[in-house]
Number of protein chains: 4
Amino acid sequence: MSDPGLNFASDNAAPVAAPIMEALVAANTGPAMPYGADPWMPQVRDRLRDLFAWPEAEVLLVATGTGANALALAGLVAPWQTIFAHRISHIEEDECAAPEFYTGGAKLTLVEGAHGRMSPDTLRAAMAPVGAKGVHGVQLGALSLTNVTEAGTLYTVEEMRALTDIARAAGMPRHLDGARLANACVALDRDVADMVQGFDVVSFGGTKNGCMAVEAIVLKDGARYQEMQFRRKRGAQLWSKHRYLSAQMLAYLRDDLWLVNARRANDAARHLANGLRAIGAEMVHEPQANMIFCRLPRTVHDRARTQAAYYMMEESDRPLCRFVCDFTKTDVEVEALLALMRG
Amino acid sequence: MSDPGLNFASDNAAPVAAPIMEALVAANTGPAMPYGADPWMPQVRDRLRDLFAWPEAEVLLVATGTGANALALAGLVAPWQTIFAHRISHIEEDECAAPEFYTGGAKLTLVEGAHGRMSPDTLRAAMAPVGAKGVHGVQLGALSLTNVTEAGTLYTVEEMRALTDIARAAGMPRHLDGARLANACVALDRDVADMVQGFDVVSFGGTKNGCMAVEAIVLKDGARYQEMQFRRKRGAQLWSKHRYLSAQMLAYLRDDLWLVNARRANDAARHLANGLRAIGAEMVHEPQANMIFCRLPRTVHDRARTQAAYYMMEESDRPLCRFVCDFTKTDVEVEALLALMRG
Amino acid sequence: MSDPGLNFASDNAAPVAAPIMEALVAANTGPAMPYGADPWMPQVRDRLRDLFAWPEAEVLLVATGTGANALALAGLVAPWQTIFAHRISHIEEDECAAPEFYTGGAKLTLVEGAHGRMSPDTLRAAMAPVGAKGVHGVQLGALSLTNVTEAGTLYTVEEMRALTDIARAAGMPRHLDGARLANACVALDRDVADMVQGFDVVSFGGTKNGCMAVEAIVLKDGARYQEMQFRRKRGAQLWSKHRYLSAQMLAYLRDDLWLVNARRANDAARHLANGLRAIGAEMVHEPQANMIFCRLPRTVHDRARTQAAYYMMEESDRPLCRFVCDFTKTDVEVEALLALMRG
Amino acid sequence: MSDPGLNFASDNAAPVAAPIMEALVAANTGPAMPYGADPWMPQVRDRLRDLFAWPEAEVLLVATGTGANALALAGLVAPWQTIFAHRISHIEEDECAAPEFYTGGAKLTLVEGAHGRMSPDTLRAAMAPVGAKGVHGVQLGALSLTNVTEAGTLYTVEEMRALTDIARAAGMPRHLDGARLANACVALDRDVADMVQGFDVVSFGGTKNGCMAVEAIVLKDGARYQEMQFRRKRGAQLWSKHRYLSAQMLAYLRDDLWLVNARRANDAARHLANGLRAIGAEMVHEPQANMIFCRLPRTVHDRARTQAAYYMMEESDRPLCRFVCDFTKTDVEVEALLALMRG
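Let us look at the structure shown here.

This part is about helix 3 (residues 65-74) of chain A. Extensive coverage of helix 3 of chain A is indicated by the burial of nine of its ten residues. Looking at helix 3 of chain A, one finds that the buried residues are T66, G67, A68, N69, A70, L71, A72, L73 and A74 of chain A.

Laid out in structure tokens, this is it:
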């Protein structure tokens, strides 16, 4: 990676957005009570209550997306239950069995579906056999959706609703992995309150979209709030100098920074996708937010790979590559990458 | 807490030291590879190898002290073993069973000892019955010492060595909870390399001593390094934007900031302890680092409690109180507190 | 152990009582539905409902005492809670951390007390600090008493009630480890219904008192019955050919066999204790049921040890020895042991 | 189930074979040392060493098949690894997440394949993506095969070898779920020593084939024997009156009873399958051992269902039904069932 400016490897490679770093600096004066008793945390909670239109919501902040998901799910399922999640969901593929660890050994039942999305039919098919074996098999536990999906595609509000309705009818709570929820809101042009309808708990991401390390576990109501606080501490995820989590999240929500950042990332990805198509890339999934999965002509890949950072997921004549645009990506950078690829 | 300047509640109430915040800002330019592949992490490792005189050491950074301890111990013991720790150790009293969670259900065997310190005799007494019941009882697992202790006292290098020798002779690995190891080094005027002799893994604290949220798990050698990486990820403690952990720790170790900060805290505590004694406080433990546990005359406490923050641990005619000096505490603040108490 | 007739090592060394073996043979005809759907299990439940005077009780049978205890406790406490148990309780000393495994890592807080018995004072002292540290420490979980205690002593009904009242007042459920509950009922001449007052779940032992391998987890009501069935299966403790558990327990309860056997064991132990005293043994705990802990004159021990089986728990001039009388022990055998010891 | 003679529901519905019950009765004299120190256990180990041609094998006995599998797997994989098992394997479908519980939260990666059998291609396809995500995903853990499969079909020795070779080449240990291994040996007319080649640990079943409750965990060598003993105790699966496990297994292996019983079951199933075909049943899987999965003509099912016990797995015009023949099934019973069905 000789030119770090051409880094499309991950939204995790991005730095921290200036307003968030400024908020950290601003919070850095004098003492503040630790462990969530800082004066910023109630503001975070109130802001998320408003945004989600969940007036009784409770919020726990943690530093990692895996932590948010694993804790959220541990609050929803017993270890003799199973979580319905897409085959390529983050909780299945990218968390090294943290959900199993935090839930005490619950299962994940993998739901099929093209382009990272399950459908009512594939969800029902996955649910159908569960419970049929009585005490011998695991039981219906929870539904976990991801939006933006791990394929860079979207569920519409209505598509999510159809899925959460199935889960609700079966008595299962619903979790939304919203590590990139801001990108989904922007791409769909929908309020986050619409997006979270039908869910009981949301992992609301900050880190990938301009924060340093903060994710909010948003509980629709306070029923499990105390239990979740114990779970967070016992999971070693309770910060002592918690104000630096609160300050990040508060700055992230202020002045719609979360949406502004997501829009930049999505715009850059749209620009990049168009450019890639023009030089022969074949989209494997329709890019709907800030991630692009495509097959590149070999020559294009060979020109770019030593000077730009992105993941090659499958070697071939037309290698399968992933490009992620974070919130810092500009037209200039996108054009620089495309120019490199054009040779 | 009307005057936040008079906060002696916890070193966790302190802000972040300026050089560390500056390092975070400095690290905040352009992309960096995530998950520990940032360019700063090898420097952190090399610096700790030098300081500890452990040339083959491997280092994992996490955000919480509980996380460092729980992961470190999980790498040392099987769930059918027990960890020998002082009755008032952090892993027993302040981690909400995180060690049990991370180890899969290992036990803690509590070792007695005045002023937060176990002795060779109390350790041997605790170890004696373990293993006598064969497969029915838990087995000898690991020794975990804390220095500075939770009573604000110290083990000398020689005292630690006597204890780690007992554990080594019994085939047990040794863990040092060094959440305040800097304060111990300064107070004892010993190199950290001397302090960590006899241990296999150290939780080297940063957060309480001027960092935002970073602790190093320092492994004496690489034997369990790969396993520990999986454990960290599965525990949801692997940061994506890891550079901000690396940058904190690097700044903490640069120009002896860790020792400079600790010296300030210890000096302030010495100043405060002397002043408290002069107004009738009775020390419950001899304050040797940056924590003071004492019984205050009731009138003294009554004068101070509404305008200064500190913990009252036991209500009585002479309430038992804890004062912690963090690295920001100045003579001016200490005098202000004492003046308040004098009335 | 040249003469297996002189085996006082454990009630686990005993064979199966004839009526129970006969019941197993009698149950061994034709097919029976597996996993608890056999026709004997409802009778077991109804019999225990009557005996315990718990009209809504539900019952789960398992094969080991450790299994009964670990499952019972797992149904009572969260992993961020602690179980109050005597320092020498079976769940602490003899189950290799099975309670920690089954509860997902809950703690045991050890309660002191002479002769294997906690007192209201020692229980209160152990409970006092728990919860004081908020989310940082584990929380009040459950009380677990053992009767007959591991020291071979007894709690009276009133003593148990005083302890369970303290737990109830603190909001904690109560568990009784009744591995030798029959021996306690006989020794105290109290109905089991009196003994289980104040508890929520009882491990009702069969194996040590004449069964082959069966213990009943008796739940006071059905609130957690379904959950417990999942816990049992997931713990690998659900028998497929369950009729052979049911048949054992039913035979054990029929014609007061459980009391008859216990009376034999207790009587033999009384006989043996008197004889041991007469030859210079010093009782370490007053033997109240079927276990004797005493210091033997060295010569007595030397005469007996190669021809009789019993545990020497501590080597000394007056070695500390444990003798257990199972239900098969007769006056002849006791006299034979005493004769051997007298030389 | 008006006529218990017509019970084809499960091999778990069967009683205990006479020689095994006789062995239990024979073992029931006088004391015997508990917890595996009985005199029969070394004979069990030696007999299995001979049969398996594993001269260094170690053996642990437990009471349930789920217990054998869960413990065996816990000894093979870390919680950040995954176990490759067929989609309809017992460990996936019938153990209520016991493997996840005992392994501390390892995953199961489901391998596809018709008729309950994975193939080299489907195994390789399942393994291919594992490990590609480094620390973010779970790692290659172990291969678990089942023979007889849960579809009542068989792997040949050569087919197993092809699969275990793939696992070995990838550095993965191999587990055989042999709950019905006797039936497989008989059906294939192969020595068990041939069957277990290529495996590291075998769950060798007794319960389904005439025992009361005993399964052997057979370890190829002693490397993990001590660890497994702790795991068994901590899992609450160590019997105190262990002689009754030893005696069952010893009788099971004596005079080839295990093979005699399996042959009876297989013969009855062949008879039944032929008869079912003759009255219009359509085999869903080719019945190769003692289980039959078939679609019955509706009228046939309607005639039989109230007077015979078997599982209807899927309601339809041609309901999918499962018939299992245990070792007690005779030609008379099979003919009685067929007569009932013919009307």
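Residues and elements named next belong to chain B. Among the five residues of strand 11 (residues 320-324), five are classified as buried, and the element is accordingly described as predominantly covered. By the alternation rule, side chains of strand 11 split into L320, R322 and V324 and C321 and F323, which are all buried. Note that strand 10 (residues 311-314) and strand 11 share three bridges and pair antiparallel. Bridge assignment links E314 to a residue of strand 11, and that residue is L320. Following strand 10, the chain reverses through five residues before pairing antiparallel with strand 11.

Look at the two chain copies: a rotation about an axis and a shift along it is all it takes to match them. Once turned by 180° and shifted 0.0 Å along the axis, chain A lies on chain C with an RMSD of 0.0 Å. Considering both components of the superposition, the chain copies are consistent with a two-fold axis. The rotation axis passes nearest to the C-alpha of G104 of chain A in chain A, at a distance of 3.3 Å. With an isologous cut-off of 70% or more, the 100% of interface residues of chain A that recur at the interface of chain C puts this contact in the isologous class.

This part takes up the relation of the copies chain B and chain A. Rotating chain B by 180° and translating it 0.0 Å along the rotation axis places it on chain A, where the RMSD comes to 0.0 Å. Mapped onto chain A, 98% of the interface residues of chain B again fall at the interface, so both copies present the same surface.

Okay, the interface of chain A and chain C next. On the side of chain C, 16 residues touch chain A, which itself brings 16 residues to the contact. For the pair chain A and chain C, the summed buried area comes to about 1,500 Å², and 74% of that belongs to carbon and sulfur atoms. The largest contributions to the chain A side of the interface with chain C come from W80, V135 and F230 of chain A, which together make up 47% of the buried area. Seen at the junction of chain A and chain C, the total is four residue pairs in polar contact (both at pLDDT 80 or more). For the side of chain A that touches chain C, the leading source of residues is helix 10 (residues 225-234) of chain A, giving six residues.

On to the sheet that holds strand 8 (residues 282-283) of chain A, then. Strand order in the open sheet formed by four strands is 8-9-11-10 (chain A), and the pairing between neighbours is antiparallel. What marks the edges here is a single partner per strand, and that holds for strand 8 and strand 10 (311-314) of chain A.

Conventions and cut-offs
- Residues numbered from 1 in each chain as written.
- Chains lettered and ligands numbered in written order.
- Predicted model: local features only at pLDDT ≥ 70, side-chain atom pairs only at ≥ 80, totals over all residues.
- Heavy atoms only, no water.
- Buried < 20%, exposed > 50% of the residue type's maximum accessible area, 1.4 Å probe, protein only.
- Helix = DSSP H or I, 4+ residues; strand = E, 2+ residues; numbered from the N terminus.
- Pairing = 2+ DSSP bridges.
- Least-squares fit on C-alpha atoms with pLDDT ≥ 70 in both.
- Contact = heavy atoms within 4.5 Å.
- Buried area = accessible area lost by both parts, 1.4 Å probe.
- Polar contact = N/O pair within 3.5 Å; in protein donor to acceptor, adjacent residues only side chain to side chain.

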